[in-house]
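Understanding the architecture of this molecule
Each chain, written out:
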Amino acid sequence: MIVLQGLRYRYAQGPEIAFADLSLPPGQGLLLRGASGSGKSTLLALMAGLLSASAGRLEMAGAELGRLSPRQRDAWRGACLGFVPQRLHLSAALTVRDNLALPYLSAGLPVDHARIDELLQRLELQALAPRRPHQLSLGQAQRVALARALLRRPKLLLADEPTANLDDESAGAALNLLSQAAREQGATLVLATHDSRVAQALGGELHDMRLPKLMAMNEAAR
Ligand code: ADP
Ligand code: MG
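Read on for a plain summary of the structure.

Rules behind the numbers
Residues numbered from 1 in each chain as written. Chains lettered and ligands numbered in written order. Predicted model: local features only at pLDDT ≥ 70, side-chain atom pairs only at ≥ 80, totals over all residues. Heavy atoms only, no water. Near = heavy atom within 4 Å. Polar contact = N/O pair within 3.5 Å; in protein donor to acceptor, adjacent residues only side chain to side chain. Areas by Shrake-Rupley, 256 points an atom, 1.4 Å probe, with all protein chains shown as cover. Helix = DSSP H or I, 4+ residues; strand = E, 2+ residues; numbered from the N terminus. Nonpolar A, V, L, I, M, F, W, Y, C, P; charged D, E, K, R; others polar. Phe/Tyr/Trp six-rings, centres within 6.5 Å; stacked < 30°, edge-to-face > 60°. Buried < 20%, exposed > 50% of the residue type's maximum accessible area, 1.4 Å probe, protein only. Contact = heavy atoms within 4.5 Å. Salt bridge = Lys/Arg side-chain N within 4 Å of Asp/Glu carboxyl O.

For ligand 1, the set of nearby residues contains 16 residues, the closest of which are Gly37, Gly39, Lys40, Ser41 and Thr42. One of the backbone nitrogen or oxygen atoms of Gly39 is found 3.1 Å away from an oxygen atom of ligand 1. At a separation of 2.5 Å, an oxygen atom of ligand 1 approaches a polar side-chain atom of Thr42. In the complex, the protein chains occlude 69% of the 560 Å² of accessible area that ligand 1 would expose alone. The greatest single-element share of the shell around ligand 1, amounting to three residues, is contributed by helix H1 (residues 40-47). Broken down by class, the residue content of the shell around ligand 1 amounts to five nonpolar, eight polar and three charged.

This part takes up the packing of aromatic side chains. Tallied over the full model, the rule gives one aromatic pair. Note on Tyr9 and Tyr11: the rings are 4.8 Å apart at their centroids and 80° apart in plane angle, and the pair reads as edge-to-face. Relative accessible area serves as the criterion here: at 13%, Tyr9 is assigned to the buried category.

Before going further, it helps to spend a moment on the side chain of Gln185. Its place among the elements puts Gln185 in helix H6 (residues 168-185). A polar side-chain atom of Gln185 sits 3.0 Å from a polar atom in the side chain of Arg115. Apart from the residues within four sequence positions on either side, Gln185 is in contact with Arg115, Arg122, Leu150 and Arg153.

Scanning all chains against the criterion turns up 14 salt bridges. A salt bridge links Arg57 to Glu59, with the nearest nitrogen and oxygen atoms 3.0 Å apart. You can call Arg57 partly exposed: its relative accessible area is 26%. Between Glu118 and Arg153 there is a salt bridge, and its shortest N-O distance comes to 3.9 Å. Of this pair, Glu118 sits in helix H4 (residues 113-122) while Arg153 is found in the loop between helix H5 (138-150) and strand S8 (156-160), placing the two residues 35 residues apart along the sequence. Residue Glu118 is classed as partly exposed on the basis of its relative accessible area of 28%. One salt-bridge network, in which partners are shared between bridges, spans Arg115, Glu118, Arg122, Arg153 and Glu184.

This is the structure in structure tokens:
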């Protein structure tokens with residue numbers, strides 16, 4: 001369940017972005033579309049609890065994010081959220097397998113090796129487990145980032161420009177994985193993209209939300 005009501009975000013050294021109201025039933029996924037600079041990544045960061053709204057209400061999977069303390073928000077994020085950021089943030093010094101152990105370690109949890117193996121297998125990454133990120137293709141690195149987002153069986157799966165820099169074939173594969181993983185795990189999928197291939201592939205399953213261009217007035221305020 002996703003609810004946006006009068007939601008706004010103001011960058012200290014940048015524009016204020018107002019988002020259209022939205023109310024989606026439980027399980028309904030969302031496609032955020034719009035030109036570069038229209039606020040897609042900002043809205044995803046708000047939905048991930050990484051930014052705090054300057055006004056309005058945002059409800060994600062039963063939590064009203066603005067009402068949570070920073071500590072509650074961290075707990076909510078750990079329990080409910082899988083995030084595939086645009087820059088994948090894999091640790092260069094660690095192997096694929098150790099990159100997948102890291103979320104457990106940084107949350108102070110025992111590493112679930114069986115779950116890591118399951119995802120390595122499902123995403124066809126077993127052979128790559130001993131490699132380091134610089135030894136992966138972009139599509140492979142994207143699969144590792146997806147595996148990392150899925151580890152703790154999130155209720156919400158957010159991905160920012162998951163097809164950026166991928167050729168048609170890899171883009172199609174990445175989108176299939178996201179949508180299949182969301183279905184299998186019962187996760188609600190939110191994708192942000194300016195790539196029209198995404199709407200072609202998943203438009204039927206996801207609610208389409210198009211962000212307008214920011215007003216020039218806003219841009220001038222920067
Ligand atoms: P999109 O993901 O759709 O390309 P963003 O959410 O990244 O858009 O950016 C929306 C607007 O906010 C843009 O005008 C961008 O320049 C501005 N912006 C993004 N991040 C910052 C920041 N850290 N400080 C100031 N302005 C920012
Ligand atoms: Mg963006």
